[in-house]
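Results of the structural survey
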Amino acid sequence: MYCGRMAAHMGWGIIEEEGWRKGPWTSEEDRLLIEYVRLHGEGRWNSVARLAGLKRNGKSCRLRWVNYLRPDLKRGQITPHEESIILELHARWGNRWSTIARSLPGRTDNEIKNYWRTHFKKKAKVPSDASDKGQNTRLLRRATISSSPAATTTATAAATTIAAD
DNA sequence: AATTGTAGCAACCGCGAAGTT
DNA sequence: AAACTTCGCGGTTGCTACAAT
């Protein structure tokens, strides 16, 4: 989270060829995006530029909102309890970050992904079989989502149990 | 004290799924 | 029904701060 302001000097590409700004968000941009969502709700990200005067493409806006500006985000350090859930669910499902995130209210897939990578990746060469990379992962997503409510509950319960232990 | 290495995180990209017209 | 647009995911990068030498 750095110490508050870290977008002081953005060192990388500022304006893209098509006119889209890139790189770290300024507090002014954040304000515009927050105001946009307040007025129009989440979604329609591609029209943010038009309706809010933000020189960002929809993808960038959505990412910023979902990972940083959403009011229901928890922020702050991952708790030991949350960590155990992450470990448990990752052991079950691998890098299915968004699915894992659904079991951790206020946490984003990006946050969980970053956390796991920085804390565990180097140590564990992916314990189980990492042969599931690529297409299978993608194709399995729908099925996983379909069965996720029950699975989520079960796994969450398991993780909770372990954590409580 | 200065330089090089590492950690951690915000944000980017490509691509496929989902939605729209 | 097909073409086109938007969304969402997972992997990766680029940058800053901090640690080590």
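Scoring rules and cut-offs
- Sequence order as written defines residue numbering, which begins from 1 separately in each chain.
- Each chain is given a letter, starting from A, and each ligand a number, starting from 1, according to the order in which they appear as written.
- Per-residue local features of the predicted model are confined to residues with pLDDT of at least 70, and side-chain atom pairs are confined, for both listing and counting, to 80 or more; whole-chain, interface and lining totals are unaffected and use all residues.
- Hydrogens and water molecules were not included; the side-chain quantities draw on all heavy atoms of the structure.
- Fitting a line to C-alpha atoms yields each axis, with helices limited to the stretch in contact; the angle taken between N-to-C directions then spans 0 to 180 degrees.
- Helix numbers and strand numbers start at the N terminus; a helix is a DSSP run of H or I with at least 4 residues, a strand a run of E with at least 2.
- For classification purposes, an angle smaller than 35 degrees is called roughly parallel, one larger than 145 roughly antiparallel, one from 65 to 115 roughly perpendicular, and anything else oblique.
- For this analysis, residues touch if any pair of their heavy atoms sits within 4.5 Å.
- Under the scheme applied here, ten amino acids are nonpolar (Ala, Val, Leu, Ile, Met, Phe, Trp, Tyr, Cys and Pro), four are charged (Asp, Glu, Lys and Arg), and all others, including Gly, are polar.
- UniProt positions are given in the numbering used here, feature names are shortened, and annotations may be inferred rather than shown by experiment.
- Working definition: a ring pair exists when centres of Phe, Tyr or Trp rings (six-membered ring for Trp) sit within 6.5 Å. Plane angles under 30 degrees give stacked, over 60 give edge-to-face, the rest tilted.
- Throughout, exposure labels follow a simple rule: accessible area from a 1.4 Å probe, protein chains only, divided by the maximum for the residue type, with under 20% read as buried, over 50% as exposed, and the rest as partly exposed.
- By the criterion adopted, a ring carries a charge over it if an Arg CZ or a Lys NZ lies within 6 Å of its centre and within 35 degrees of its normal.
- What qualifies as a polar contact is a pair of N or O atoms within 3.5 Å, subject to a donor-acceptor requirement within protein and to the restriction that residues adjacent in sequence count only when both atoms come from side chains.
- pLDDT is a per-residue confidence score from the predictor, ranging from 0 to 100.
- Should a side-chain nitrogen of Lys or Arg be within 4 Å of a carboxyl oxygen of Asp or Glu, the pair is scored as a salt bridge.

A closer look at the packing of helix 4 (residues 80-93) against helix 6 (residues 109-121)
Packing of helix 4 against helix 6 brings their axes to within 11 Å, and their N-to-C directions diverge by 85°. The angle between the axes of helix 4 and helix 6 places the two elements in the roughly perpendicular class. Each of Glu 83, Ile 86, Leu 87 and His 90 in helix 4 lies in contact with helix 6, whose residues at this interface are Ile 112, Tyr 115, Trp 116 and Phe 120. Residue composition of the contact of helix 4 with helix 6, grouped by class: 6 nonpolar, 1 polar and 1 charged.

Looking at the UniProt feature "domain: HTH myb-type" (unreviewed entry) in chain A
Here the UniProt feature "domain: HTH myb-type" (unreviewed entry) sits at residues 21-73 and 74-124. The span residues 21-73 shows a helical share of 58% and a strand share of 0%, and its end C-alpha atoms are spaced 25 Å apart.

Examining the UniProt feature "domain: Myb-like" (unreviewed entry) in chain A
According to UniProt, the "domain: Myb-like" (unreviewed entry) feature falls on residues 17-69 and 70-120. As a span, residues 70-120 carries 61% helix and 0% strand, and end to end its C-alpha atoms are 27 Å apart.

Quick look at the packing of aromatic side chains
Inspection of every chain in the model, using the stated rule, returns 2 aromatic pairs. With a centroid separation of 6.1 Å and an interplanar angle of 70°, the aromatic rings of Tyr 115 and Phe 120 are classed as edge-to-face. Tyr 115 gets classed as buried once you look at its relative accessible area, which sits at 13%. With a relative accessible area of 17%, Phe 120 lands in the buried category. The lysine or arginine in question, Arg 64, covers the ring of Tyr 68, its NZ or CZ lying 3.9 Å from the ring centre.

Overview of the packing of helix 1 (residues 27-40) against helix 3 (residues 58-69)
The description of two packed helices rests on the angle between their axes and on the distance between the axes. Packing of helix 1 against helix 3 brings their axes to within 11 Å, and their N-to-C directions diverge by 90°. Considering the angle they form, helix 1 stands roughly perpendicular to helix 3. Contact residues: helix 1 offers Asp 30, Leu 33, Ile 34 and Val 37, while helix 3 offers Cys 61, Arg 64, Trp 65 and Leu 69. Along the lines of polarity and charge, the residues of the contact of helix 1 with helix 3 split into 6 nonpolar, no polar and 2 charged.

Quick word on the side chain of Glu 29
The residue Glu 29 is located in helix 1 in this model. Only 3.0 Å separates the side chain of Glu 29 from the backbone nitrogen of Thr 26, close enough to count as a polar contact. Beyond its immediate chain neighbours, meaning those up to four positions away, Glu 29 contacts Arg 21, Pro 24, Leu 54 and Arg 56.

Quick look at the confidence of the model for chain A
The predicted model of chain A has a mean per-residue pLDDT of 74, with 62% of residues at 70 or higher. For residues 1-11, every residue scores under 50 in pLDDT, and the model assigns this stretch 8 contacts once sequence neighbours within four places are set aside.

Focus: the pattern of salt bridges
In total, this model carries 10 salt bridges according to the counting rule given. The closest approach of N and O atoms between Glu 88 and Arg 92, which form a salt bridge, is 2.3 Å. Remark: Arg 92 and Glu 88 occur in helix 4; sequence separation between them is 4 residues, near one turn of the helix. Glu 88 sits in the buried class, given a relative accessible area of 11%. Classification of Arg 92 as exposed rests on a relative accessible area of 52%. A salt bridge links Glu 111 to Arg 107; its shortest N-O distance comes to 2.9 Å. The class of Glu 111 is partly exposed, set by a relative accessible area of 23%.

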